[in-house]
Amino acid sequence: METVKENRGAAAQAKTTEKKLKITGAEAIIHCLLKEDVDLLYGYPGGAIMPVYDELYKFQDKLTHILTRHEQGATHAAQGYARVSGRVGVAMATSGPGATNLVTGLADAQIDSTPMVCITGQVPRHLLGSDAFQETDIIGISTPVTKWNYQITKASEIPEIMAKAFYIAKSGRPGPVLIDITKNAQFEEMDFSYEKCTGVRSYIPSTKPDQDALKDAAELINNAKKPYIVWGQGIILGEAEEELKALIEKAGIPAAWTIMGESAIPTDHPLNVGMVGMHGNYGPNVLTNECDVLLAIGMRFDDRVTGRLEDYATQAKVIHFEIDPAEVNKNVNADVAVLGNAKETLAALLPLINTNNHESWHQEFKAKDKIEFDTVIKNDIHPSKEGLTMGEVIEEINIASKSNAVIVTDVGQHQMIACRYAKFAQTKSNITSGGLGTMGFALPAAIGAKMGAMDREVVAIIGDGGYQMTIQELGVIHQHQVPVKIVVLNNDHLGMVRQWQELFFDRRYASTVMVNPDFVKIAEGYHIEAKRVSERKDLKTAVQEMIASDKPYFLEVKVEKEDNVFPMIPSGAAVSEIRLK
């Protein structure tokens, strides 16, 4: 971990220069990364990318490479790094299967708007299209799941294309970029000079706020009786946390979040009313269909948020604050659309907003909160049943970490429980696979998150199913002594699928029962301290011990096998049809 710190400093000191150097394309790739202040990347070497790895070996004092155990792990680690640090994550792989193993991470980053640059090797230019060994058309394959991709076939293209890659990945609505480099281009010599990209013809990453739209939005907000905000990850990506907080406090508007927007505002803020969506909080979902003005800020009206579209907030005037014009009117029609970066648009809106206090409206949320607490929450966090629940595990982590941890979740029941019950005091603290729902995301993403925020506690919350999809990345934790904390909530099932089978398929548990290995022994095989808890009396001490450790730590918690996540909006139902049990 010290090497990462040292290289970060070295990379930051690298100066852009117009002096031309005669170097190979492979070395040019390394120089481009340094010019973009990259100090850390994840990857897996192979024949078609070997020249770049050979040059990387020579620059170990400036650039740290983390050898993941699978290329998918490299992309998820790069995602975790990017999401916590706010920088561009970088992953690298060889051609053929190496490149195709990146696709899941690319798709995940694309739908969750994560800035990432992936570099792949490719067969020499003269062999393209010949079905050469480990040749795959990764440009064609990755086109639907990248913000931009490009195949470099000659060394002279490298500086311009690499500069474009980083600019496109991090500007506007962020996303993943893939650059495929033929092997001949890596060997060719070139005159190297580098200039960072500041714009691309026909690509408009963001627009300035439209004053008329802002005035229309302000008029609706100022005249509203029951205004309501739902914010998404656009607040975090746009670094608009303070602007959002100022808006809700000045206007007195209750505000809820999507799982990708969680942690932008502290959990305990009095105007933070909770989570929307399929397993979100009762009040925020039901009252979506009772507000008169709905402000959607940096969110895309995902189906998991809206439920049945034709019955979603039909009574409300909708104001959509969005950086990507393609998202406006895609799922929900907006009465007013305010395009641009949320930080700029909210700052411009704030002077137009009247100071207000919607106390009676807030009381409606509080009344719904009490119903949910009495029916669901108290049983999740303070259960009377004998077996351990996922909710009480998350609550113990909140207490031990003082709500300052970065929580990285996989996908399934544990994800929804963690998002519902984790408490956050600072932004960029909830890292999860949102739009794609990628099982296997959490372990490598937690590695990247820790390397992106080495001063913060990082806790991975994972189910027993998803954990086994990328369990080999324990090797990275051991090799680099990455002090992440891993909590596997083990119910011996694919829990979320099992819940649906119970509720909607007459308890036909088709292929959801897991016969699991001894997870503690596996962790110990990687020289990671490990413990298993199956009784409530041992939970608090085990969690405190884990958080107190300054080394990697694995904790398996055996939880109830048939413990469902509620509330729940059944598939195809309206948000107002949310079930509490």
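Residues numbered from 1 in each chain as written. Predicted model: local features only at pLDDT ≥ 70, side-chain atom pairs only at ≥ 80, totals over all residues. Heavy atoms only, no water.

### Structural notes on the overall build of the protein chain
Put simply, the test is: Strands are runs of DSSP state E lasting at least 2 residues, helices are runs of H or I lasting at least 4, and numbering of each runs from the N terminus. Computation of the radius of gyration draws on C-alpha atoms, with the globule rule given as 2.2 Å multiplied by the number of residues to the power 0.38. Think of it in three bands: residues with accessible area under 20% of the maximum for their type are buried, residues over 50% are exposed, and the middle band is partly exposed, with areas taken using a 1.4 Å probe on protein chains only. Should any heavy atoms of two residues lie within 4.5 Å, those residues are considered in contact. Surface accessibility in these figures is a Shrake-Rupley result with a 1.4 Å probe; residues are shielded only by whichever protein chains are displayed. Here Asp and Glu are counted as negative and Lys and Arg as positive; His is not counted, and neither are the chain ends. Note on charges: their place is set at NZ of Lys, CZ of Arg, CG of Asp or CD of Glu.
Looking only at helices and strands, the protein chain has 24 helices and 20 strands in total. Over its C-alpha trace the protein chain gives a radius of gyration of 24 Å, about what one expects of a compact globule, namely 25 Å for 581 residues. Principal-axis analysis of the C-alpha atoms places the extent of the protein chain at approximately 70 × 60 × 40 Å. When each of the 581 residues of the protein chain is scored for burial, the buried share is 59%. Within the protein chain, contacts between residues separated by at least 24 positions form 77% of all contacts whose residues are at least 6 apart in sequence. A total accessible area of about 22500 Å² is found for the protein chain, and carbon and sulfur atoms account for 50% of it. The protein chain carries 59 positive and 75 negative side-chain charges, and their two centres are separated by 2 Å.

### Observations regarding the environment of N289
Note the following rule: What qualifies as a polar contact is a pair of N or O atoms within 3.5 Å, subject to a donor-acceptor requirement within protein and to the restriction that residues adjacent in sequence count only when both atoms come from side chains.
Here N289 is to be found in the loop between α13 (282–286) and β12 (293–297). In this structure N289 touches D311, Y312, A313, Q315, V575 and S576, once residues within four positions along its chain are discounted. Within polar-contact distance, the side chain of N289 engages the backbone nitrogen of A313 at 2.8 Å.

### Here we look at the environment of E290
Mapped onto the elements of the fold, E290 is located in the loop between α13 and β12. As a C-alpha pair, E290 and M390 span 100 residues in sequence and 32 Å in three-dimensional space. Here E290 is in contact with K226, Q315, W361 and E364, once residues within four sequence places are set aside.

### A short note on the domain arrangement of the protein chain
Rules: Domain segmentation is taken from an automatic or database assignment of domains. Note: buried area is the sum, over both parts, of the accessible area (probe 1.4 Å) each one loses when the two are combined. Definition used for salt bridges: Asp or Glu carboxyl oxygen within 4 Å of a side-chain nitrogen of Lys or Arg. Residues are grouped as follows: nonpolar covers Ala, Val, Leu, Ile, Met, Phe, Trp, Tyr, Cys and Pro; charged covers Asp, Glu, Lys and Arg; every other residue, Gly included, is treated as polar.
By the assigned domains, the protein chain splits into domain 1 (19–191), domain 2 (211–364) and domain 3 (386–559). For domain 2 and domain 3, the distance between their C-alpha centres works out to 31 Å. Counting from both sides, the interface comprises 17 residues of domain 2 and, opposite them, 19 residues of domain 3. Taking both partners together, domain 2 and domain 3 bury about 1400 Å²; carbon and sulfur atoms supply 55% of that area. At the boundary of domain 2 with domain 3, the tally comes to zero salt bridges. In this assembly, domain 2 and domain 3 are joined by nine residue pairs in polar contact (both at pLDDT 80 or more). When grouped by side-chain class, the residues that make up the side of domain 2 that touches domain 3 number eight nonpolar, five polar and four charged.

### A short note on a negative patch on the surface
Stated precisely, the cut-off is as follows: Within the patch definition used here, like charges are joined within 9 Å and nonpolar side chains (Val, Leu, Ile, Met, Phe, Trp, Tyr) within 5 Å, considering only residues with over 30% relative accessible area and no salt bridge.
On the surface, D210, D212, D216 and E219 cluster together into a patch of negative charge. Here D212 lies in helix α10 (residues 211–223). Given the relative accessible area of 52%, D212 is considered exposed.

### Looking at the packing of helix α4 (residues 71–85) against helix α6 (residues 103–111)
Quick note on the threshold: Orientation is described by lines fitted to C-alpha atoms, with helices fitted over the stretch in contact, and by angles between N-to-C directions that extend from 0 to 180 degrees. For this classification, under 35 degrees means roughly parallel, over 145 means roughly antiparallel, 65 to 115 means roughly perpendicular, and everything else is oblique.
It is at 7 Å that the axes of α4 and α6 come closest, and there the two elements cross at 25 degrees. Relative to α6, α4 is oriented roughly parallel. Residues Q72, T75, H76 and Q79 of α4 form the contact with α6, whose participating residues are T104, G105, D108 and A109. Residues of the contact of α4 with α6, tallied by class, amount to one nonpolar, six polar and one charged.

### Overview of the packing of aromatic side chains
Put simply, the rule reads: Pairing of aromatic rings covers Phe, Tyr and the six-membered ring of Trp, with a centre-to-centre limit of 6.5 Å; geometry is then stacked below 30 degrees between planes, edge-to-face above 60, and tilted otherwise.
A complete count under the given rule lists nine aromatic pairs for this structure. Seen in terms of ring centroids, Y228 and F365 are 5.5 Å apart; in terms of plane orientation they differ by 50 degrees. Their pairing is tilted. Here Y228, found in strand β9 (residues 227–231), pairs with F365, found in helix α16 (residues 359–381); they are 137 residues apart in sequence, far enough to count as distant. With respect to class, Y228 is no different from F365; both count as buried. Relative to F365, the ring of W361 lies with its centre 5.0 Å away and its plane at 75 degrees, an arrangement referred to as edge-to-face. Of this pair, W361 and F365 both sit in helix α16, four residues apart, roughly one helical turn. Like W361, the residue F365 is buried in the burial classification.

### Details of the pattern of salt bridges
For the structure on display, the rule yields 38 salt bridges. Put simply, K196 and D37 hold a salt bridge, and the shortest N to O gap is 3.6 Å. One end of the pair, K196, is in the loop between β8 (189–192) and α10; the other, D37, is in the loop between α2 (25–35) and β2 (40–43), with 159 residues separating them in the sequence. With relative accessibility at 34%, the residue K196 sits in the partly exposed group. Notably, a salt bridge pairs D302 with R300, separated by 3.5 Å at the nearest N-O pair. Overlapping salt bridges, with partners in common, bring together R173, D324, E327 and K330 in one network.

### Focus: the side chain of T94
Within the secondary structure, T94 is located in the loop between β4 (89–93) and α5 (97–100). Its relative accessible area of 6% is what places T94 among the buried residues. Of note is the side chain of T94, whose polar atom sits 3.1 Å from the backbone nitrogen of A48. The residues touching T94, leaving out its near neighbours within four places in the chain, are Y44, P45, G46, G47, A48, I49, A99, T120 and G121.

### Considering the pairing of strand β15 (residues 406–409)
Our working definition: The rule for pairing is simple: two strands pair if DSSP sees at least two bridges between them.
Side-chain alternation along β15 places V406 and V408 on one buried face and I407 and T409 on a second face that is also buried. Here four bridges tie β15 to strand β17 (residues 458–463), and the two strands are oriented parallel to one another. Bridging from a neighbouring strand, I407 pairs with V459 of β17.

### Things to note about α6
Within α6, burial applies to V103, G105, L106, A107, D108 and A109. Tucked inside the fold, the buried residues of α6 contact α4, α5, β5 (116–122), α7 (138–142) and β7 (176–182). Of the residues flanking the end of α6, it is S113, one or two places downstream, whose phi is positive at about 55 degrees.

### A look at the sheet that holds β12
Strand order in the open sheet formed by six strands is β11-β10-β9-β12-β13-β14, and the pairing between neighbours is parallel. Whereas interior strands pair on both sides, the edge strands pair on one side only; in this sheet they are β11 (272–275) and β14 (336–339). Here the strands of the sheet are splayed against their neighbours by 20 degrees on average, with no regard to which way each runs. As defined by bridge partners, β12 adjoins strand β13 (residues 317–322) across five bridges and the pair is classed as parallel. In the sheet register, A296 faces β13, and the bridge partner there is H320.

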